[in-house]
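Residue strings, one per chain:
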Amino acid sequence: MANYIPHHDDRKHIVTSLETCSERGLSDREAQSRLARYGENVLLEKKRKTNLRRFFEQFQDVMILILIAAAVVSFVVAFNEGEGFFEPLLIIGIVVLNAVIGVAQESRAEQALEALKSLSAPHARVIRDGRESVIPAAHLVPGDIILVEAGDFVSADARLLDSASLRVEESALTGESVPSEKDATAIVERDAPLGDRHNMLYSGTGVTYGRGRAVVTGTGMDTEMGKIAGLLSE
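Reading guide: rules and limits
- Residues numbered from 1 in each chain as written.
- Predicted model: local features only at pLDDT ≥ 70, side-chain atom pairs only at ≥ 80, totals over all residues.
- Heavy atoms only, no water.
- Phe/Tyr/Trp six-rings, centres within 6.5 Å; stacked < 30°, edge-to-face > 60°.
- Lys NZ or Arg CZ within 6 Å of the ring centre and 35° of its normal.
- Helix = DSSP H or I, 4+ residues; strand = E, 2+ residues; numbered from the N terminus.
- Expected span 1.5 Å × (residues − 1).
- Buried < 20%, exposed > 50% of the residue type's maximum accessible area, 1.4 Å probe, protein only.
- Arc of directions from axis to C-beta.
- Polar contact = N/O pair within 3.5 Å; in protein donor to acceptor, adjacent residues only side chain to side chain.
- Salt bridge = Lys/Arg side-chain N within 4 Å of Asp/Glu carboxyl O.
- Contact = heavy atoms within 4.5 Å.

What about the packing of aromatic side chains?
Taken as a whole, this structure holds zero aromatic pairs when the rule is applied. Cation over ring: R167 sits above Y209, and NZ or CZ is 5.7 Å from the ring centre.

See below:
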């Protein structure tokens with residue numbers, strides 16, 4: 001497929017680049033082929049760790065190892081000179097506190113990732129072989145033509161082809177408190193921020209008003225939500 005910038009390039013060029021048809025959508029055979037190529041439209045996560053494993057992994061950092069070595073030396077010096085053990089105990093306390101904080105941060109990141117996954121819609125309305133049907137959202141692929149209306153959650157990143165009084169709640173991505181107005185004919189600059197891309201739909205956002213038709217440009221970890229999920233996993 002040719003390179004394109006979903007929010008900046010012409011709708012016809014994007015449809016052509018994705019080797020699809022804006023009216024008939026993909027064929028079932030082509031959709032299956034792309035599903036095998038791109039994988040399912042889901043947010044991936046690393047294998048979960050136990051809190052005990054997370055705790056001990058905090059001690060693998062070089063700076064932490066240096067602090068532990070300093071605590072050991074301080075213990076030896078204090079013991080040989082008959083001094084108190086305040087300094088080495090303080091260092092150990094800081095190291096343990098740092099490990100506890102690290103475990104808490106990783107746990108919160110995991111919870112945030114679960115929250116992102118809960119925003120995904122279980123099903124999506126698509127046009128394939130010229131027919132409208134409802135499929136599992138996990139089976140969406142780049143080039144699929146999707147239909148959305150008020151009350152729907154968007155299942156993948158997509159470029160609008162048509163829109164009618166369309167408004168989408170994007171606060172999870174942009175922080176905006178009011179729904180964003182969408183327009184398939186909008187001309188958007190190449191470097192426009194996410195909140196100004198009025199001709200795009202993004203995975204995990206909710207349609208509050210109107211309806212629209214769009215071509216899927218990104219699925220799974222290639223969506224904006226997927227990028228956030230990747231950062232959380234790291």
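Moving on from the model shown.
Considering helix 4 (residues 62-81)
The end-to-end C-alpha distance of helix 4 is 29 Å, a good match for the 28 Å that 20 residues give at a rise of 1.5 Å each. Turning to helix 4, its buried residues are I64, A71, S74 and A78. The arc that holds the buried residues of helix 4, viewed along the axis, is 75 degrees, so those residues lie on one side. Exposed positions of helix 4 whose direction lies more than 90 degrees from the buried face are V62, V73 and N80. At the N-terminal boundary of helix 4, the capping side chain belongs to D61, with an oxygen 3.0 Å from the backbone nitrogen of M63. Positive backbone phi, approximately 70 degrees, marks G82, located one or two places after helix 4.

Quick word on the pattern of salt bridges
In this structure the tally under the stated criterion is 10 salt bridges. The partner of R213 in a salt bridge is E23, with the nearest N and O atoms 3.9 Å apart. Of the two residues, R213 sits in strand 7 (residues 206-218) while E23 sits in the loop between helix 1 (11-17) and helix 2 (28-38), which places them 190 residues apart along the sequence. The exposure class assigned to E23 is exposed, which follows from its relative accessible area of 55%. Close ionic contact of E30 with R34 constitutes a salt bridge, the shortest N to O distance being 2.7 Å. One end of the pair, E30, and the other, R34, are both in helix 2, four residues apart, so they sit about a helical turn from each other. Each of R125, E132, E149 and D152 takes part in one network of salt bridges that share partners.

As for the side chain of S17
Mapped onto the elements, S17 comes out in helix 1. A relative accessible area of 4% places S17 in the buried class. Here the side chain of S17 touches H13 through a polar contact of 2.8 Å, landing on its backbone oxygen.

Description of the environment of T217
With respect to the secondary-structure elements, T217 resides in strand 7. On the basis of relative accessible area, T217 is assigned to the buried category, the value being 15%. As for T217 and A172, which are separated by 45 residues in sequence, their C-alpha atoms are 20 Å apart. Apart from residues no more than four positions distant in its own chain, T217 is found in contact with Y4, P6, I14, L18, D157, A158, R159 and M200.

Coordinates in, geometry out; function isn't part of it.
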